[in-house]
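Structure at a glance
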Amino acid sequence: MAAFAFMFFIAMPGPFFPAINTELILLLQVLESGQDPALMVLAASGGHMTLYLLLHAMGEKTLTRWGPMARRLAAMTTEKRERFRNGATAGLVVGSLLGVPPVVVLAPLSSSVGFPRWRLAVITLLGRIVRFGVLVSLGGEALRWLQS
């Protein structure tokens, strides 16, 4: 349980601070410490999702008060907002799986065009579970290959 909590809380600032490499810490927790891979993947994914939700909530308040951004948002038509919402969905899916574009940037921006928070949570959680699951599986296989 302590390893699960550690992984969750160390993964939370990971996307925001490049020095905290969530992928490396996850691999060390699973391969070196022998922790349950599914729980560690879930903890790391949950930590990332929590950060993205916080950024989404703060972006909604901050970006509408920032002068240049507030003017651009006020000038947006309904059709343009809808187009940005659809683009945010695609960007969040790709960003959650591959890391590019960075979800840290997309989360606050998507809130300014009315992207639903629940959809952000589902997309980022599932995308990170797939990303970290593949990483742990390939990392385990690579370790076995290197040891043989």
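Remember, predicted model here, so these are calculated numbers, not experimental data.

1. Concerning the pattern of salt bridges
Overall, the coordinates contain three salt bridges when judged by the stated rule. The salt bridge partner of Glu23 is Arg131, with a shortest N-O separation of 2.7 Å. Note that Glu23 is positioned in helix α2 (residues 22-32) and Arg131 in helix α7 (residues 117-147), a separation of 108 residues in sequence. With its nearest N and O atoms 2.7 Å apart, the salt bridge here joins Glu141 to Arg144.

2. Digging into the packing of helix α5 (residues 78-98) against α7
For the pair α5 and α7, the least separation of the axes is 7 Å and the interaxial angle reads 30°. Judged on the interaxial angle alone, α7 and α5 are roughly parallel. Once α5 is placed against α7, the crossing between them reads as right-handed. On α7, the residues touching Thr89, Leu92, Val93, Gly95, Ser96, Leu97 and Leu98 of α5 are Arg119, Leu120, Ile123, Thr124, Gly127, Arg128, Val130 and Arg131. Class assignment for the residues of the contact of α5 with α7 results in seven nonpolar, five polar and three charged.

3. Considerations on the packing of aromatic side chains
A complete count under the given rule lists two aromatic pairs for this structure. An angle of 90° between the planes, with centres 5.1 Å apart, marks the rings of Phe8 and Phe9 as edge-to-face. The exposure class of Phe9 is exposed, given its relative accessible area of 55%. When the centroid spacing of 5.3 Å and the interplanar angle of 85° are considered together, the rings of Phe16 and Phe17 count as edge-to-face. Classification of Phe16 as partly exposed rests on a relative accessible area of 45%. Sitting over the ring of Phe115, Arg119 keeps its end group 5.5 Å from the ring centre.

4. Some remarks on a nonpolar patch on the surface
Taken together, Val93, Val94, Leu97, Leu98, Val130, Val134 and Leu138 make up a surface patch of nonpolar side chains, about 590 Å² in accessible area. Among the secondary structure elements, those contributing two or more residues to the nonpolar patch are α5 and α7. Element by element, the count of residues in the nonpolar patch is highest for α5, at four residues. Following the sequence through the fold, Val94 ends up in helix α5.

5. Some words on the environment of Phe132
Along the chain, the position of Phe132 falls in helix α7. Among the residues examined, Phe132 registers a relative accessible area of 0% and is labelled buried. A sequence separation of 35 residues divides Phe132 from Leu97, and the C-alpha atoms of the two residues are 8.8 Å apart. Contacts of Phe132, omitting those with residues within four sequence positions, involve Thr22, Glu23, Leu26, Val41, Ala44, Ser45 and His48.

6. Some details on unusual backbone geometry
For the peptide bond that leads from Val100 to Pro101, omega is 0°, which places it in the cis range. Within the secondary structure layout, Pro101 lies in the loop between α5 and α6 (103-112).

7. Overview of the nonpolar core
Among the nonpolar cores identified, the biggest contains 13 residues, and Leu51, Tyr52, Leu55, Leu92, Ala107, Phe115 and Leu120 are the most heavily contacted of them. Within the residue set of this core, elements represented by two or more residues are α3 (37-62), α5, α6 and α7. It is α6 that contributes the most residues to this core, four residues altogether. In contact with Phe115, other than residues within four places in its own chain, are His56, Arg85, Ala88, Thr89, Leu92, Ser110, Leu120 and Ile123.

Conventions we followed
Residues numbered from 1 in each chain as written. Predicted model: local features only at pLDDT ≥ 70, side-chain atom pairs only at ≥ 80, totals over all residues. Heavy atoms only, no water. Salt bridge = Lys/Arg side-chain N within 4 Å of Asp/Glu carboxyl O. Helix = DSSP H or I, 4+ residues; strand = E, 2+ residues; numbered from the N terminus. Axes fitted to C-alpha atoms, helices over the stretch in contact; angles between N-to-C directions. Parallel < 35°, antiparallel > 145°, perpendicular 65-115°, else oblique. Left-handed = near helix turned anticlockwise from the far one by under 90°. Contact = heavy atoms within 4.5 Å. Nonpolar A, V, L, I, M, F, W, Y, C, P; charged D, E, K, R; others polar. Phe/Tyr/Trp six-rings, centres within 6.5 Å; stacked < 30°, edge-to-face > 60°. Buried < 20%, exposed > 50% of the residue type's maximum accessible area, 1.4 Å probe, protein only. Lys NZ or Arg CZ within 6 Å of the ring centre and 35° of its normal. Patch = residues over 30% accessible without salt bridge, like charges linked within 9 Å, V, L, I, M, F, W, Y side chains within 5 Å. Areas by Shrake-Rupley, 256 points an atom, 1.4 Å probe, with all protein chains shown as cover. Core = buried A, V, L, I, M, F, W, Y, C linked by side-chain atoms within 4.5 Å.

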